[in-house]
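Observations on the three-dimensional arrangement
Spelled out from the first residue to the last, the chains are:
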Amino acid sequence: MQIGLRAKFVLSLLATTLVWFAVLAVGAWSASRAGEGVLRESEDSLRAQGRAALAERGEQLAALLADTLTNPVYYTDLLSVREAARSTLNQPDVDYVLVYDGQGRVLHDGSRDIPRFGQVMDDPLAPAAIAAHAPLLQWSSERLDASAPIAIGDLRLGGVRVGLSLARTEGVIALESARTRERFRQAFAGPAHVLGLGFLLLALWLVLAGWMVARGLVRPIRELAGNARAIERGRFEAPLESGRKDELGELIRAFARMSDSVRRHHHDIRKLAYHDSLTGLPNRLMFRELLDEAIGEYRGSDTGLALLFIDLDDFKRINDTLGHDAGDEVLIEFAGRFKRALALLDAPAQPVLARLGGDEFVALVSGGNGRTHGERAAISVLEQLKQPFVVGNHSLLVGASIGITVFPDDAHTSKLLLKHGDLAMYQAKQRGKSRYHFFAGHLTQAAAERLDLEHDLREALESGRLDLAYQPIHDLASGQLVGTEALLRWRHPRRGNVPPSIFVPIAESSGLIDALGDWVIERACADCRRWQSALPGMSVAVNLSGRQLQRNDLAERISACLERQQLPAGLLHLELTESSLLHDEQLAFAALGQLRQTGVRVWLDDFGTGFSGLSHLRRARVDGVKIDRSFITDILSDPEDLALASAIIAMAHSLGMQVIAEGVESEAQFALLRDRGCDLAQGFWMSEAIGPDELVQRPRRVLSRSVAALP
């Protein structure tokens, strides 16, 4: 059978149509596979980007928290540790915060009662975190565990772990991926293409369709894939816009929204990592980067840089008395004044200011040789602080101690500049606070010596290498031994006897004074209880520091100590200096009232060197005063000292108080004080400070013969 031309044409048309449909089907299948690959690549890229951003955030949070907790962990300041941990725990995606010591024991988890305190971390990720000497990232199926060690120099104190949940990141990726897949599916679910009108148009249609597919489908998908790879590398500047009204246009716009969401999330993470959440100022991490950049920019130039290290004076008192909300208001207001003070400077470059943490701020100013502009900046800041801070119904005067160090004169690296600024700030505090001080080279050696002493003192307290000596107190009328004063002694294995005038200020500044004071009270009460069988009624006097007096639970702690040692409260005498009462009169007098309610006796030590005012003495409501040894030394030869001592005795007796004279070193002084009506005395003429066992072995009336012989 012969096939005609019509049949051949029809057959050719049918064959061409079938081939066209086959080619179209193969092309659609290939495009679908390619689109699926692009979607998977996009999804993987977003997941990798999300995890990378989460890892960066975790590493930065752990490092920032470890840096912030160095001093609190070193000084076992659990309140500051809790504040820092709680601040981090309140951030999005943070499941837990664990602060641990060198053995992996939990110090804090940001909660109020710390249920796991002292327990060794035993989760699968804990061993690696405990053993790590550098920041460590560990992944589980549900979260990222970011850890960082806490150390001072080579001394490792412990570390911190921050757990970041993967749930939100995976949720965002799943949601956006689902939307993208839906748009992509819709892009390929349109109606079938209409066949050409004829065999002559078929070839043209196929060419046109191929061109349209290449231009309208493949190229946009390739552009999407390229943008996905750019986002994976952290580049968000690539534009993603489309005016198309079809499903592919919706896909491109959905991808653009997803990219913008990832970009904002990345920006939020960087803001959290580089800015202080309370004041909005750059934090320690960002300031270090800006400082490094400034050092690189000004290195070799004629323009100097001055770094101001600022610490608010007695800021802890505001938190303790008015609460942390009031403290936060002061910090926010100070940040505003800080900005205004630096804005008044005529500096060649914009000053950089930051909050390092707590009440520590820093500023970097440039110009001249650095010293002049640094001094002007410090003066401007102190001027801003002359106006009181109004917090609620309270008007507070807040001072600041400022340390100034200059690049390149004092240091060539950011680390040393910050260290030297801290040392200079500390020197400003030592010289009376509310002032500025320039760094000097000898401060480095002094700081190292002080740090060594602080470390040795902490070890001595923990290992029990401290002792108490007791200086007897005698009744002037009878010469009878009636009490003792506990004196802390520290015999260092290398330095020998370290005087309290050296190690007590170190203990106060480092926060060790609380533990040291508790140990002295506990030990003195125990010794006093042992004396009662041989020396019934013998009392013991213990010195309290101003820092101990500020503790809200001081009375409760002393009552608990007396109960543990089964010592009558009247046998414990607490001695306070006048300066400790002047620090915060309202708080001090309230603490005195609580102490008196426990039954202990309270004495005012070194009387005559402070306010010595009758009105203050009446308000203090103490049991007695101790005349400072400076008035006793020349009492025989200086009429003024004799008059002052006599006036103190008369004033105290008029208020129903007893008087103890310190530093009695001769029989003539003893007789004169007895004649002037002084009640008690202590000094080397009667006895030097002795051990607790030696005290018991001495006769009770060691001065009876001498007293009887006195005129």
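Quick note: structure is the one above.
Conventions and cut-offs
Residues numbered from 1 in each chain as written. Predicted model: local features only at pLDDT ≥ 70, side-chain atom pairs only at ≥ 80, totals over all residues. Heavy atoms only, no water. Helix = DSSP H or I, 4+ residues; strand = E, 2+ residues; numbered from the N terminus. Contact = heavy atoms within 4.5 Å. Polar contact = N/O pair within 3.5 Å; in protein donor to acceptor, adjacent residues only side chain to side chain. Phe/Tyr/Trp six-rings, centres within 6.5 Å; stacked < 30°, edge-to-face > 60°. Buried < 20%, exposed > 50% of the residue type's maximum accessible area, 1.4 Å probe, protein only. Lys NZ or Arg CZ within 6 Å of the ring centre and 35° of its normal. Pairing = 2+ DSSP bridges. Axes fitted to C-alpha atoms, helices over the stretch in contact; angles between N-to-C directions. Expected span 1.5 Å × (residues − 1). Arc of directions from axis to C-beta. Disulfide = S-S within 2.5 Å. 1 Å grid on protein atoms, 1.4 Å probe; cavity = no way out; pocket = protein on both sides within 12 Å on 5 of 7 lines; lining within 4 Å. Points joined across faces, edges and corners; volume = space filled by probe spheres on them. Nonpolar A, V, L, I, M, F, W, Y, C, P; charged D, E, K, R; others polar. Salt bridge = Lys/Arg side-chain N within 4 Å of Asp/Glu carboxyl O.

This part is about the environment of D101. Secondary-structure assignment places D101 in strand β1 (residues 94-101). Discounting residues that sit within four places of it in the chain, D101 has contacts with L107, L157 and G158. Only 3.0 Å separates the side chain of D101 from the backbone nitrogen of Q103, close enough to count as a polar contact. Side-chain polar atoms of D101 contact the backbone nitrogen of R105, separated by 2.8 Å.

Further remarks concern the packing of aromatic side chains. Applying the stated criterion across every chain yields a total of eight aromatic pairs. Arranged with centres 5.1 Å apart and planes meeting at 75°, the rings of Y74 and Y75 form a pair that is edge-to-face. Assessed through its relative accessible area of 27%, Y75 is described here as partly exposed. Relative to W531, the ring of Y470 lies with its centre 4.8 Å away and its plane at 85°, an arrangement referred to as edge-to-face. With Y470 in strand β13 (residues 466-475) and W531 in helix α15 (residues 513-531), this pair connects stretches of sequence that are 61 residues apart. W531 matches Y470 in its accessibility class, with the two residues each being buried. Members of the aromatic cluster, connected to one another through ring pairs, are F334, F338 and F361. Between R371 and the ring centre of F438, over which it is positioned, the NZ or CZ distance is 4.1 Å. Over the ring of Y74 we find R458; its NZ or CZ atom is 5.0 Å from the centre of that ring.

Among the 11 residues in strand β5 (residues 155-165), nine count as buried, and that is most of the element. Note that strand β4 (residues 143-152) and β5 share 10 bridges and pair antiparallel. Residue pairing in the sheet places A148 in a bridge with V160 of β5. Counted between consecutive antiparallel strands, the loop separating β4 from β5 contains two residues, among which G153 sits at a positive phi close to 65°.

Next up on the list: the side chain of D145. With respect to the element layout, D145 can be found in strand β4. Given the relative accessible area of 0%, D145 is considered buried. Among the polar contacts made by the side chain of D145, one reaches the side chain of R161 at a distance of 2.8 Å. With near-sequence residues (within four places) excluded, D145 lies in contact with Y96, L125, L136, L137, Q138, R161 and V162.

What follows covers the sheet that holds strand β12 (residues 436-438). On the basis of which strands lie adjacent, the open sheet formed by five strands has the order β7-β8-β6-β11-β12 and mixed pairing. Unpaired on one side and paired on the other, β7 (352-357) and β12 mark the two borders of the sheet. Adjacent strand axes in the sheet meet at a mean angle of 20°, parallel and antiparallel pairs treated alike. Note that strand β6 (residues 305-312) and strand β11 (residues 400-407) share eight bridges and pair antiparallel.

What follows concerns the sheet that holds β4. Spatial strand order, β2-β1-β5-β4-β3: five strands in an open sheet with antiparallel pairing. What marks the edges here is a single partner per strand, and that holds for β2 (106-108) and β3 (136-139). Neighbour-to-neighbour, the strand axes of this sheet turn through a mean angle of 30°, independent of strand direction. Of the pairings in the sheet, the one linking β1 to β2 comprises two bridges and is antiparallel in character. Each bridged residue has a counterpart across the sheet, and for Y100 the counterpart in β2 is V106.

Another aspect to go through is the side chain of D276. Relative to the elements of secondary structure, D276 occurs in the loop between α7 (247-274) and α8 (284-298). Using a relative accessible area of 13% as the deciding quantity, one classes D276 as buried. Sequence-distant contacts of D276, that is, excluding residues within four places in its chain, are made with L281, P282, N283 and R355.

Given a rise of 1.5 Å per residue, 15 residues ought to cover 21 Å, and the 21 Å separating the end C-alpha atoms of α8 matches this to within 8%. Along α8, the positions that sit buried rather than exposed are R284, F287, L291, A294, I295 and Y298. The arc enclosing the buried residues of α8, seen along the axis, measures out at 100°, which places them on a common side. Exposed positions of α8 whose direction lies more than 90 degrees from the buried face are E293 and E297.

Let's shift gears to the state of the cysteines. Any covalent bond linking the sulfur atoms of two cysteines counts as a disulfide. Evaluation of the coordinates by the stated rule reveals zero disulfides. We note that C561 lacks a disulfide partner, and the nearest cysteine sulfur, in C525, lies 3.9 Å from it.

As a further point, take helix α14 (residues 500-510). Residues of α14 that are buried include every one of F503, I506, A507 and S510, and no others. An end-on view of α14 places all buried positions within 100° of arc, on one side of the element. Once α14 ends, the next one or two residues include G511, with phi positive near 85°.

Here the focus is empty space enclosed by the protein. Enumeration according to the criterion identifies four cavities of 30 Å³ or more in this entry. Roughly 50 Å³ of internal volume is contained in the second largest cavity. Forming the boundary of the second largest cavity are L39, S42, E43, L46, S177, T180, R181 and M258. Elements supplying a minimum of two residues to the lining of the second largest cavity: α1 (5-68) and α5 (167-187). Element by element, the count of residues in the lining of the second largest cavity is highest for α1, at four residues. In terms of residue class, the lining of the second largest cavity is made up of three nonpolar, three polar and two charged.

We now examine the pattern of salt bridges. Taken as a whole and judged by the stated rule, the model has 26 salt bridges. Across the pair K433 and D314 runs a salt bridge, and its minimum N-O distance is 2.8 Å. Separated by 119 residues along the polypeptide, K433 in the loop between α12 (414-430) and β12 and D314 in the loop between β6 and α9 (315-322) bring together distant segments of the chain. K433 sits in the partly exposed class, given a relative accessible area of 29%. Take D314: its relative accessible area is 28%, and that puts it in the partly exposed class. A salt bridge links K626 to E662; the nearest nitrogen and oxygen atoms lie 3.5 Å apart.

Attention shifts here to the pairing of strand β14 (residues 481-492). With nine of 12 residues buried, β14 lies mostly within the body of the structure. Looking at chain direction, β13 and β14 are connected through nine bridges and run antiparallel. Within β14, the position partnered with Q471 by the bridge is E485. Where β13 folds back onto β14 in an antiparallel hairpin, the turn is made up of five residues, including G479, whose phi is positive at roughly 75°. Here three bridges tie β14 to strand β16 (residues 539-543), and the two strands are oriented parallel to one another. If you follow G483 over to β16, its bridge partner there is S539. Bridge count for β14 against strand β15 (residues 496-498) is three bridges, and the pairing is antiparallel. Bridged to R491 within β15 is N497. With antiparallel pairing between neighbouring strands as the criterion, β14 and β15 make up a hairpin whose turn holds three residues.

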